[in-house]
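# Structural description and commentary
Residues per chain are reported as follows:
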Amino acid sequence: MAKFDDPGFPDETGELGVELRLVLGIAARKVLEGVDDAAFLEWARDAIPNLAPTMLVDVPPQELDREAFWIGVSIWNAAPSPANHYQPSPVPKPGRNDACPCGSGMKYKRCCQRLRPVPDFPALVFWPVIAEVCPKTEVDRMIADPGFPVDGIGLMAECFFENGDYLQVIRMLEPPLTGGAERIRTEHAHWIDMLCDAYDEQYRTPRKKLALLDKMTKHRLKFVQGEAWQRLCSIRIDEDDFGGAHEAFAAAMRAQPDNPLLSILELTLLGSLGEIDQARRRARFWLQKWEGHEDELPELIATLRRAVSDPMSALQLSIARATGDDRIERLERWLSASLERSAIGWGTEACGKLDVHGDDSEKPTWTDREAVTLMPPPALGAALQAWREAAEIGKPFATSLDPMDYDNPWDDADEDAWLTALELHPEAIDHLDILDDLVLLLREHPLAGSVYGIDDMIPPLLLRARRIVEASPIGEDRILPWGFLENRPGLRLLTQLVLYYQDNGALSEAVELIQWLLELNPEDNQGLRAMLINHYLRAGNYADALELAQRYTRDFLVDVTYGRVLALFALGRRDEADTALGKAVDRSPLVAQYLGRARVVRPEFHDAGISVGGPDEAWLYRDEMRDTWNDTKGAMPWLKQTARNRERL
Ligand SMILES: [Zn+2]
């Protein structure tokens with residue numbers, strides 16, 4: 001017999017699911033057309049054995065039509081009857097000595113009572129079917145019936161939502177949520193989310209949704225008001241309208257003082273304001289309020305417990321949990337466990353010396369050093385293989401730090417094969433390629449860059465990469481050229497560590513790491529020398545700036561060409577400075593012009609990158625270094641004078 005009471009029903013896949021949907025579809029149409037129970041059951045007895053052979057596969061032939069009849073009864077008893085305001089009107093259950101309803105002429109106890117009982121149909125399975133088979137005008141007419149089952153509205157709206165018919169969702173849910181029908185209860189609170197999401201999908205601007213929320217804040221029912229205020233609060237937080245968010249939060253508290261989710265909303269608001277200590281205090285308050293309800297609110301209590309010490313990561317986890325996504329939690333666990341292991345250095349493979357064009361006198365000294373590629377220890381082979389099979393990451397193009405287009409794995413909470421691969425291989429923490437991918441993955445997280453602490457996982461990965469490269473036998477007589485693909489993950493990770501140091505004001509660490517990177521990969525494909533020379537010049541370290549510029553004599557980076565000019569000038573080597581400035585102005589005249597001006601309009605920037613010799617390049621250099629030029633005594637007047645003289649020539 002069919003498993004009518006399966007929770008997956010009627011989405012059950014395979015033959016049985018197809019048959020059930022077919023039978024229910026026809027049955028729904030018949031019931032809504034107004035057939036009576038007798039006609040319906042007659043149809044069921046004749047039609048179901050043909051429509052649903054799998055359903056009846058183990059029924060003996062002589063019992064087929066009776067079994068089909070009782071399936072019909074079960075369907076009828078659950079079906080919404082138009083004559084009864086679309087509530088079911090079940091047929092009466094026969095007594096033992098009554099004539100059997102199947103029409104055999106025997107007593108029930110001698111006839112169908114002996115058959116295996118057909119399970120009752122859950123009434124709610126009909127609503128998705130009706131949403132599918134009924135014309136929408138008829139759906140509208142049905143739900144206008146004041147006795148219409150209120151649960152049916154939400155269940156049908158869910159189907160329309162899944163099919164992308166957002167307008168229909170709006171037509172069904174808006175009236176009850178903005179005033180009209182009064183029969184909704186707190187268990188329909190999720191309709192508010194559905195309706196707001198439908199607005200987001202249907203309309204390009206938030207204007208209509210805001211008007212809707214405004215109406216809901218005036219609803220007769222307090223829980224609708226409260227939910228609407230909560231949403232308004234979140235929207236205002238996203239818009240950095242913290243005053244408005246506070247007002248909305250206070251209104252939500254007035255409407256639903258005992259809604260446990262308000263605790264999370266308040267912590268989000270405080271976190272967005274950077275009031276972390278206050279967030280901790282409020283987490284303690286909310287924890288005291290709800291701690292006794294751990295059985296009903298286990299996840300909320302867990303979040304609040306964590307929030308007492310670390311509010312932001314607690315919020316991030318609660319957002320993830322709300323979407324059934326525990327991957328950040330698992331990744332954190334994996335990370336803290338595997339970081340306990342001591343870092344393993346990689347091996348190297350010799351690749352000979354790099355061939356650099358030009359005559360010998362111009363060849364940089366590092367061309368004498370042997371080029372090597374980093375080779376993972378064989379013990380990491382299984383980890384990489386498992387990772388590659390499970391994770392698909394779009395490695396960045398060339399020297400970019402952003403991944404190429406690929407399906408963002410965070411979009412699907414069920415996609416966790418990559419995590420399972422990590423969990424099976426704690427040693428993956430020492431694979432540079434995997435670390436590189438993990439950093440990219442974390443940057444792709446929908447909450448990356450926000451206050452929720454996703455980014456806090458990145459620095460330990462970058463530092464680990466540094467430990468690994470430091471533990472590898474490279475030494476002073478070898479280089480790790482970017483040209484070899486094997487070296488890119490390590491170099492990319494170290495470059496990101498430079499940026500991390502820089503963004504966090506750790507300038508001496510940044511300088512020291514760039515110096516090392518320029519030793520490892522003297523060709524400096526990432527342009528780190530520009531950052532370094534600017535650091536030197538800002539610190540008044542002109543000798544090192546000049547030495548660096550001399551290493552890159554034919555550089556195209558204006559930071560280096562103009563940096564060399566400034567270093568020579570500051571060191572009092574005026575003749576050389578004049579010549580260098582002349583060359584720099586010839587190659588990049590806009591830079592000198594922009595540097596000299598008190599105000600420059602920000603030019604247009606292009607996604608493809610900075611244009612060599614273009615206004616974007618000149619603007620960026622000015623933005624970065626004008627203060628330093630101004631602070632170097634006599635440099636700016638000299639620059640302007642020289643530039644003017646050259647223009648006259
Ligand atoms: Zn019977």
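Residues numbered from 1 in each chain as written. Predicted model: local features only at pLDDT ≥ 70, side-chain atom pairs only at ≥ 80, totals over all residues.

### Digging into the overall build of the protein
From N to C terminus, the protein includes 29 helices and 3 strands. Overall size of the protein, expressed as C-alpha extent along the three principal axes, is 120 × 60 × 55 Å. Among the 649 residues that make up the protein, the fraction classed as buried is 35%. For the protein, long-range pairs separated by at least 24 residues make up 61% of all intrachain contacts whose partners lie at least 6 apart in sequence. (Helix = DSSP H or I, 4+ residues; strand = E, 2+ residues; numbered from the N terminus. Buried ≥ 20, exposed ≤ 12 C-beta atoms within 10 Å, placed from the backbone. Contact = placed C-beta atoms within 7 Å.)

### Topic: the sheet that holds strand β2 (residues 370–375)
Taking strand neighbours across the sheet as the criterion, the 3 strands line up as β1-β2-β3 in an open arrangement whose pairing is mixed. Both edges of this open sheet fall to β1 (347–350) and β3 (478–479), since each of them pairs with a single strand only. Two elements, β2 and β3, share 2 bridges in a ladder whose sense is parallel. For Glu370, the partnering residue across the bridge sits in β3 and is Arg478. (Pairing = 2+ DSSP bridges.)

### Things to note about the environment of Leu22
Within the secondary structure, Leu22 is located in helix α1 (residues 14–33). For Leu22, a count of 12 C-beta atoms within 10 Å corresponds to the exposed category. Between the alpha carbons of Leu22 and Leu51 there is a distance of 7.4 Å; along the sequence they are 29 residues apart.

### What about the confidence of the model for the protein?
Per-residue confidence for the protein gives a mean pLDDT of 87, with 94% of residues at or over 70. Element-level pLDDT for the protein is lowest in helix α15 (residues 311–322), with a mean of 79, against a maximum mean of 95 in helix α11 (residues 242–255). Contacts of residues 1–8 to residues separated by more than four positions or lying in other chains number 11 contacts, the stretch itself having pLDDT below 50. (pLDDT = per-residue confidence, 0-100.)

### Notes on the environment of Thr367
Its location among the elements puts Thr367 in the loop between β1 and β2. Overall, Thr367 belongs to the partly exposed group, with 15 C-beta atoms counted inside 10 Å. Between the C-alpha atom of Thr367 and that of Lys353, which follows or precedes it by 14 residues, the distance is 6.5 Å.

### Some remarks on the packing of helix α2 (residues 37–51) against helix α3 (residues 64–78)
Interhelical geometry of α2 versus α3 gives an angle of 130° and a closest axis separation of 8 Å. One element, α2, and the other, α3, form an angle in the oblique class. You can see that α2 and α3 cross each other, and the crossing is right-handed. Contact with α2, carried on its side by Asp37, Phe40, Leu41, Ala44, Arg45, Ile48 and Pro49, involves Leu64, Asp65, Ala68, Phe69, Ile71, Gly72, Val73, Ile75 and Trp76 of α3 and no other residues of that element. A per-class count over the contact of α2 with α3 returns 12 nonpolar, 1 polar and 3 charged. (Axes fitted to C-alpha atoms, helices over the stretch in contact; angles between N-to-C directions. Parallel < 35°, antiparallel > 145°, perpendicular 65-115°, else oblique. Left-handed = near helix turned anticlockwise from the far one by under 90°. Nonpolar A, V, L, I, M, F, W, Y, C, P; charged D, E, K, R; others polar.)

### With respect to the packing of helix α10 (residues 222–238) against α11
Put simply, α10 and α11 touch, their axes get as near as 8 Å, and they point 160° apart. When the axes of α10 and α11 are compared, the pair comes out roughly antiparallel. Judged by the twist between their axes, the crossing of α10 over α11 is left-handed. Residues Lys222, Gln225, Gly226, Trp229, Gln230, Leu232, Cys233, Arg236 and Ile237 of α10 touch α11, and the partners they reach there are Gly244, Ala245, Ala248, Phe249, Ala251, Ala252 and Ala255. Looking at the contact of α10 with α11, its residues break down into 10 nonpolar, 4 polar and 2 charged.

### Some thoughts on the nonpolar core
In terms of nonpolar packing, the biggest core is built from 163 residues, with Leu195 and Cys233 touching the most fellow members. It is helix α25 (residues 558–570) that provides the largest number of residues to this core, a total of 9 residues. Apart from the residues lying within four places of it in its own chain, the contact partners of Cys233 are Ala245, Ala248, Phe249, Ala252, Leu265 and Leu269. (Core = buried A, V, L, I, M, F, W, Y, C linked by C-beta atoms within 7 Å.)

### Observations regarding the pairing of β2
Note that β1 and β2 share 4 bridges and pair antiparallel. Paired with Gly347 across the strands is Met375, a residue of β2.

### Focus on helix α6 (residues 150–162)
Under the 1.5 Å per step criterion, the end-to-end length of α6 is 19 Å for 13 residues, consistent within 8% with the ideal 18 Å. Of all the positions in α6, only Gly152, Ile153, Gly154, Met156, Ala157 and Phe160 are classed as buried. Among the structural elements, α4 (126–133), α5 (136–143), α7 (166–178) and α8 (190–202) are those in contact with the buried residues of α6. A positive backbone phi angle near 80° is found at Gly164, which sits one or two residues after α6. (Expected span 1.5 Å × (residues − 1).)

### Focus on α10
In a regular helix each residue adds 1.5 Å, so 17 residues correspond to 24 Å; α10 covers 25 Å between its end C-alpha atoms and thus fits that length. Residues of α10 that are buried include every one of Val224, Gly226, Glu227, Ala228, Trp229, Gln230, Arg231, Leu232, Cys233, Arg236 and Ile237, and no others. Here the buried face of α10 lies against α7, α8, α9 (207–216), α11 and α12 (261–272). One or two positions beyond α10, positive phi appears at Asp240, with a value near 60°.

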